[in-house]
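Structure at a glance
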Amino acid sequence: MELIIHFNTLPDGLNLDLVRDDLAGLLEDDGWITGSGSNYLELELEDEKVNPKYGILTVKGYLQKAKFAPDTTIELAGTPVGIYE
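Numbers given for residues are sequential positions, taken from 1 along each chain in its written order. The predicted nature of this model means local features are confined to residues of pLDDT at least 70 and side-chain atom pairs, given and counted, to a pLDDT of 80 or more, with totals for whole chains, interfaces and linings taken over all residues. With hydrogens and water stripped out, all remaining heavy atoms of the structure feed into the side-chain values.

1. A short note on the overall build of the chain
Counting its regular elements, the chain contains two helices and five strands. Going residue by residue from the N terminus, the α and β elements of the chain occur as β-α-β-β-α-β-β. The quantity called the radius of gyration is restricted to C-alpha atoms. Its globule counterpart is 2.2 Å times the number of residues to the power 0.38. At 12 Å, the chain has a C-alpha radius of gyration in line with the 12 Å of a compact globule built from 85 residues. For the chain, the C-alpha atoms occupy an extent of roughly 35 × 25 × 20 Å along the three principal directions. Each residue's exposure class comes from its accessible area (1.4 Å probe, protein chains only) as a fraction of the maximum for that residue type: buried when under 20%, exposed when over 50%, partly exposed otherwise. Out of the 85 residues belonging to the chain, those deemed buried represent 35%. Reported accessibility uses the Shrake-Rupley method at a 1.4 Å probe radius. Residues are deemed covered only where the shown protein chains occlude them. Of the roughly 5,100 Å² of accessible surface on the chain, a fraction of 50% belongs to carbon and sulfur atoms. We count a stretch as a helix when DSSP gives it H or I for four or more residues in a row; a strand needs E for two or more, and each element gets its number in order from the N terminus.

Shown next, in the form of structure tokens:
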């Protein structure tokens, strides 16, 4: 399952490399980063052995704890959802 994080700004003290490293460490075997740009990160959460909902919750929890802005969304199957919803 493809998950795309859309953001306009990064929280203070974070840069894209740190966020990518943090997410890669948190997801371990549950997913991996497939691409990134100045305002998005693209992840793959699909694994036939792991339910992707754990990866989704992990990503959403990380974004909330890192204090990403309220306009940050995660996009699943083309549908964006706010990280605080």
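Continuing now.
2. Re the pattern of salt bridges
Here the idea is simple: oppositely charged side chains can pair when their charged atoms come close. One speaks of a salt bridge when a side-chain nitrogen belonging to Lys or Arg is within 4 Å of a carboxyl oxygen belonging to Asp or Glu. Counting across every chain of the model gives one salt bridge. Aspartate 17 is the salt-bridge partner of arginine 20, the closest N and O atoms lying 2.7 Å from each other. One end of the pair is arginine 20 and the other is aspartate 17, both in helix H1 (residues 16-27) and three residues apart, which spans about a single turn. Classification of arginine 20 by relative accessible area gives partly exposed; the value is 27%. Residue classification places aspartate 17 among the partly exposed positions, given a relative accessible area of 44%.

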